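What follows is the residue order along each chain.
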Amino acid sequence: MPLITCRDLAIGYESHAILEHIHFAVDPGDYLCVVGENGSGKSTLMRTMLGLQRPLAGAIEFGDDLRQNEIGYLPQQTAIQRDFPATVREIVLSGCQARLGRRAFYSRSDRALADANLARMGMAGFAGRCYRELSGGQQQRVLLARALCATGKLILLDEPVSGLDPKVTAEMYALIDGLNVDGVTIIMISHDIDAAVRRASHILHIGGEVFFGTVDAYRQSPQGRRFMEEVST
Amino acid sequence: MIETFLQYWQFPFVRYALAVGTLIALCSSLLGVTLVLKRFSFIGDGLSHVAFGATAIAGVLRIGGDMLFVMPVTVLCAILLLRTGRGAKVKGDAAVAMVSVGALAIGYLLLNLFSSSTNLSGDVCATLFGSTSILTLQQSEVWLCAGLSVAVVALFILFYNRLFAVTFDEDFARAVGTGVERYNLLIAVVVAVIIVLAMNLVGSLLISALIIFPALSAMRLFRSFKGVTICSAALSVACALAGMLIAIVGGTPVGSTIVAVDIAAFIVCAAIEHFRK
């Protein structure tokens, strides 16, 4: 049973649709990359899947015991966050906020989960460090650890490597691959079509003609060929 | 100097003023961190002008115990301003500017037209700069201030983790099911309450200073959210106490003396940050 099924989805702001007739399904363990030009609606799609804005038409169904608030989210960083006075532990712990329920404070098991996820991202020694003093790649790892505190099932990543240098980008991709191997379903927005085709199991290409299918099918499709040619030239 | 102070200490209104001033300073600093980080500092300023307008109306209508009238009006405006952030014709900061100067103008106009006082400019000055109102509080107002302050601190501690989450990343909080709108509303209401309380201490024009200076100073020194919050509260209380003592002994206006001490503290903190690097 798919984790997420989008049926005839239309997304956009107010009544202006950016994209219509989107169909796709994500099964447990999939690695889906969402590609498309700037402004094609990739971020809007992600915000709609997260429930941050309503779909204009169609439906997003959650299956296999997944609730909408059980999606881990790695957003693009805002200016406020880069300058935020907080320790790494405080930020990762905030990934446990849905586990608070009616409690006011985090429990010992919440703290243990936060520490475990920090260690999983190779950041165990950084818990007491100040977030704004970390490098871009380290900050992304912290935010990824926070997303993992929210869920172990599905993670949505919005341009996780934008602004990172090639070495750190490779490390970030390796971490994400590792999560996928551990059974975490990945949905990633990416500019980096090369990396997407090499790593993902499925591709959703939006903007113009919508394509959804496996990576192999994408390589054969007209959209895939055109897009990959554009990128390689 | 100590003698002068002991002499003043015998008056109950001085003791009330110090107690209430300390509590107000504590409350106002708590949300400062969130407001500064959420880029909401201007809302505090706008609301303080609303509170001035409401005070003027209360004065004209001769409503006794005007805090009971000013408080709901300011809270209502806070909620409205927050709502206009989404989908309104006039956006965010423009709406705040509009409401704040509007309230200021109407307030002064009403005072001029209908005031029965013989010393109009003195009244206006007192409301804007809070010259002596902290020293003239009724006992019932002291208790109201104390009760509300305790409520603000309790709310802040109870919702500390959620406020942090909403301040750091609204989208993430919303995605994992935290009721971000609810907490923004809570922030707005609490800020409105704090502003009405703080009007007694520093007057409506200077309230923003009480809210943002301790937070900005603490952010120079500390690197964790908890550290910044605690330092901000401690600084705010210390500056308010020092300011009030100086004002009482030296006969300077209470509000502006406190703000001057806050500014001095900020300069010291900024200097420490500078020399650490």
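Residues numbered from 1 in each chain as written. Chains lettered and ligands numbered in written order. Predicted model: local features only at pLDDT ≥ 70, side-chain atom pairs only at ≥ 80, totals over all residues.

### With respect to the domain arrangement of chain A
Residue and element names in this part refer to chain A. For chain A, the domain assignment lists domain 1 (1–66 + 153–233) and domain 2 (76–152). With 14 residues of domain 1 at the contact, the number on the domain 2 side is 9 residues. Counting residues per element, the ones that place at least two in the side of domain 1 that touches domain 2 are strand S6 (154–158) and helix H6 (166–181). It is H6 that contributes the most residues to the side of domain 1 that touches domain 2, 4 residues altogether. (Domains from an automatic or database assignment. Contact = placed C-beta atoms within 7 Å. Helix = DSSP H or I, 4+ residues; strand = E, 2+ residues; numbered from the N terminus.)

### Points about the interface of chain A and chain B
With 24 residues of chain A at the interface, the matching set in chain B holds 24 residues. Of all the elements in the fold, those that place two or more residues in the side of chain A that touches chain B are strand S5 (71–74), helix H2 (79–82) and helix H3 (88–93) of chain A.

### Quick word on unusual backbone geometry
Excluding glycine, residues mostly carry a negative phi; peptide bonds, for their part, are mostly trans. Residues and elements named next belong to chain A. Its identity is not glycine, yet Asp-8 carries a phi of approximately 45°, on the positive side. Positionally, Asp-8 belongs in strand S1 (residues 4–13). According to the C-beta neighbour criterion, Asp-8 is exposed, with 12 such atoms within 10 Å. At His-21, a residue that is not glycine, the phi angle is positive and equals roughly 55°. Position of His-21 relative to the elements: it lies in strand S2 (residues 16–26). In this structure His-21 comes out as exposed when scored by C-beta crowding, with 12 C-beta atoms within 10 Å. (Buried ≥ 20, exposed ≤ 12 C-beta atoms within 10 Å, placed from the backbone.)

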